[in-house]
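Chain by chain, the residues run as shown.
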Amino acid sequence: QVQLVESGGGLVQPGGSLRLSCTASGSIFVIDTMGWYRQAPGKQRELVASIDRSSKSTYADSVKGRFTISRDNAKNTVYLQMNSLKPEDTAVYSCNAIESPIYGRRSYWGQGTQVTVSS
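The sections below set out a description of the structure shown in this document.

Rules used in this analysis
- Residues numbered from 1 in each chain as written.
- Predicted model: local features only at pLDDT ≥ 70, side-chain atom pairs only at ≥ 80, totals over all residues.
- Heavy atoms only, no water.
- Core = buried A, V, L, I, M, F, W, Y, C linked by side-chain atoms within 4.5 Å.
- Buried < 20%, exposed > 50% of the residue type's maximum accessible area, 1.4 Å probe, protein only.
- Helix = DSSP H or I, 4+ residues; strand = E, 2+ residues; numbered from the N terminus.
- Pairing = 2+ DSSP bridges.
- Axes fitted to C-alpha atoms, helices over the stretch in contact; angles between N-to-C directions.

Okay, the nonpolar core next. One finds L4, M34, W36, L80, M82 and Y93 to be the most contacted residues of the largest nonpolar core, which totals 31 residues. Contributing elements (two or more residues each) for this core: strand 1 (2-7), strand 3 (18-26), strand 4 (31-39), strand 5 (46-51), strand 7 (67-72), strand 8 (77-82), strand 9 (91-99) and strand 11 (113-117).

The strand order across the open sheet built from four strands is 1-3-8-7, with neighbouring strands paired in antiparallel fashion. Each having just a single partner strand, strand 1 and strand 7 make up the two edges of the open sheet. Each neighbouring strand pair of the sheet contributes to a mean axis angle of 15 degrees, computed without reference to strand direction. The pairing of strand 1 with strand 3 spans six bridges and is classified as antiparallel. Each bridged residue has a counterpart across the sheet, and for Q3 the counterpart in strand 3 is S25.

As judged from the five bridges shared by strand 4 and strand 5, these two strands associate in the antiparallel manner. By the bridge assignment, M34 is partnered in strand 5 with I51. The loop that links strand 4 with its antiparallel partner strand 5 comprises six residues; one of these, G42, has a positive phi angle of about 80 degrees. Sheet topology note: the strand 5/strand 6 (residues 57-59) ladder contains three bridges and is antiparallel. Its bridge partner lying in strand 6, S50 is registered against T58. Turn length for the strand 5-strand 6 hairpin, with the two strands adjacent in sequence and antiparallel, is five residues, and the turn residue S55 shows positive phi of about 70 degrees.

Given below as structure tokens:
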């Protein structure tokens, strides 16, 4: 069992920056990939970025060049640095962790943190 807690959301003007953090606790040893999803009102949840334990990362096309995902395995924490924010980035951002295949690939979710980009 894994618990995820996000922080760092808030209100920012277009062009501004925010840094989200997600800290995992519980059965940390089972975690393989971690990532960030977001969901805006009336839209489906989408993958923003993900990173595996070897720091291989992937990004949604809409955030490439603006967002950076990173991971500190010693602190059981994943970060999302968001720069050049746009109103379209407004959403609830949720942290995700996926178990290693040897543990069954179970997916865990945080409660989410609100990011609002508005002037």
